[in-house]
Amino acid sequence: IKFVVGAFLVLALVAAAAGVPGFFSASVIPLADDEYFPVVHKALQEAKASIVCAMYLAQMDPKFPQGKESVLLKDLADAHRRGVRVMVIFDRSQSPEGKSAGEDKNQEACDYLKSRGVPASYDTLEKTLHSKVLVIDDEITVLGSANWTYSALNRNHEASVLVRSKEVAGAFTK
């Protein structure tokens, strides 16, 4: 996985450096496996103006308030308390039986953020929000495969990148 992410990043950076249309000049940091949490945790703590978060799955376990997934959600609430504009959108997929099962999978995380005044909501049922994207201060974009779950942050092989580019951030917040 690291090779595939690395190869893609090298190609993207070469294209950007060569001025290929459609590519932006950007600083890119690969975040594989356990590299994701400390970098994202720090970026959220250092946010100054805004955070936009689109997350397919964020699960909290009240029995483990210090779990990495809970810490990241707490970081969003702390940023909001500091005066950072925070907006969070969770997936609300429809189950095959036609029930809104998706709302339940993110319910604890959404309720936690709302109880702390963070604007948190669900997307529409018409489409699945499968993104795992953060845009911080209109310049830092973190995207990849990592959900905010125990498995994703502790056991799975995940591949994400942190991109420092106003153009890339703008592409994800329009």
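These numbers come from a predicted model, not from an experiment. (Residues numbered from 1 in each chain as written. Predicted model: local features only at pLDDT ≥ 70, side-chain atom pairs only at ≥ 80, totals over all residues. Heavy atoms only, no water.)

Chemist: Whenever I open this one, unusual backbone geometry confuses me. Can you help?
Modeler: Leaving glycine out, the prevailing phi sign among residues is negative, and the prevailing peptide bond configuration is trans. A positive phi is found at Asp-33, a non-glycine position, where the angle reads about 50 degrees. Within the fold, Asp-33 resides in the loop between β1 (27–32) and α2 (36–46). The phi dihedral of Asp-138 is positive, around 55 degrees, even though this residue is not glycine. Within the secondary structure, Asp-138 is located in the loop between β5 (132–136) and β6 (140–144). Classification of Asp-138 as partly exposed rests on a relative accessible area of 42%. (Helix = DSSP H or I, 4+ residues; strand = E, 2+ residues; numbered from the N terminus. Buried < 20%, exposed > 50% of the residue type's maximum accessible area, 1.4 Å probe, protein only.)

Chemist: Any chance you could explain the sheet that holds β5 here in plain terms?
Modeler: What holds strands together in a sheet is hydrogen bonding between their backbones, with the strands either parallel or antiparallel. Read from one edge of the open sheet, seven strands run β1-β7-β6-β5-β2-β3-β4, paired in mixed fashion. Two strands bound the open sheet, and with one partner strand each, they are β1 and β4 (120–122). Between one strand axis and the next, the sheet turns through 15 degrees on average, direction left out of account. Pairing between β1 and strand β7 (residues 159–164): six bridges, direction antiparallel. Considered in β7, the bridge of Ile-29 is made with Leu-162. (Pairing = 2+ DSSP bridges. Axes fitted to C-alpha atoms, helices over the stretch in contact; angles between N-to-C directions.)

Chemist: Is there a simple way to think about the packing of aromatic side chains in this case?
Modeler: Given two aromatic rings, one states the distance between the centres and the angle between the planes to describe the pair. With the rule as written, the count across this model stands at one aromatic pair. A ring pair is formed by Phe-90 and Tyr-122, whose centres lie 6.4 Å apart and whose planes are at 50 degrees; its orientation type is tilted. With a gap of 32 residues between them, Phe-90 in strand β3 (residues 85–90) and Tyr-122 in strand β4 connect regions that are remote in the sequence. We classify Tyr-122 as buried; its relative accessible area is 13%. (Phe/Tyr/Trp six-rings, centres within 6.5 Å; stacked < 30°, edge-to-face > 60°.)

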